[in-house]
Amino acid sequence: MNIKVLGGGCKSCETLLKAAKEAVANKGIDAEVEYITDMERIMNYGVMSMPALMIDDKIVSSGKVLKAKDVEKLLQ
């Protein structure tokens, strides 16, 4: 599983990154969590609201800071 947190390096983006890592640890799954701050790459994904969360190259959340429990629900 590949998880990407897309953001500009702001506090909200950092919080989502931490929640994503926590959710992966809580679920005990094998996943790579990547933090992408390159605006050109983010625009190529078609994301306009940040922070955004991608799971296996699919946008599952944008413009929201999810808690670890919320991310866990998306990791089915």
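Relevant structure appears above.
This one's a predicted model, so the numbers in the text were calculated from it and none came from an experiment.

Details of the pattern of salt bridges
Inference 1: Summed over all chains, the structure comprises two salt bridges.
Inference 2: Of the charged contacts, one joins Asp57 and Lys4 as a salt bridge, the two residues approaching to 3.2 Å between their closest N and O atoms. Here Lys4 lies in strand S1 (residues 2–6) and Asp57 lies in the loop between strand S3 (52–55) and strand S4 (58–62), a separation of 53 residues in the sequence.
Inference 3: Owing to a relative accessible area of 7%, Lys4 belongs among the buried residues under this scheme.
Inference 4: Here Glu34 and Arg41 are joined by a salt bridge, their closest N and O atoms 3.5 Å apart.
Inference 5: Residue class for Glu34 comes out partly exposed when judged on its relative accessible area of 21%.

Topic: the nonpolar core
Inference 1: Of all hydrophobic cores here, the largest spans 14 residues; its most connected members are Ile3, Val5, Leu16, Leu53, Val71 and Leu75.
Inference 2: Among the elements of the structure, S1, helix H1 (11–27), S3 and helix H3 (68–74) are those that each provide at least two residues to this core.
Inference 3: Counting residues per element, this core draws most heavily on H1, at six residues.
Inference 4: What Val5 contacts, discounting residues up to four positions off in sequence, is Cys13, Leu16, Leu17, Ala20, Glu34, Tyr35, Ile36, Ala52 and Leu53.
Inference 5: Ranked by size, the runner-up nonpolar core spans six residues in total, among them Leu6, Ile36, Ile42 and Ala52.

How each quantity is defined
In every chain, residue numbers begin from 1 and rise along the written sequence. Residue-level local features of this predicted model are given only where pLDDT is at least 70; pairs of side-chain atoms are given and counted only at 80 or more, and the full residue set underlies all totals for whole chains, interfaces and linings. Note: side-chain values were computed over all heavy atoms of the structure, leaving out hydrogens and water. Between Lys or Arg on one side and Asp or Glu on the other, a salt bridge is scored when a side-chain nitrogen of the former is within 4 Å of a carboxyl oxygen of the latter. A run of H or I in DSSP counts as a helix once it spans at least four residues, and a run of E counts as a strand once it spans at least two, with each numbered from the N terminus. The rule is simple: take the accessible area with a 1.4 Å probe, protein chains only, and divide by the maximum for that residue type; under 20% is buried, over 50% is exposed, in between is partly exposed. By nonpolar core we mean a set of buried residues, namely Ala, Val, Leu, Ile, Met, Phe, Trp, Tyr and Cys, connected to one another through side-chain atoms within 4.5 Å. Contact definition: two residues touch when any of their heavy atoms are within 4.5 Å.

By themselves these figures say nothing about function.
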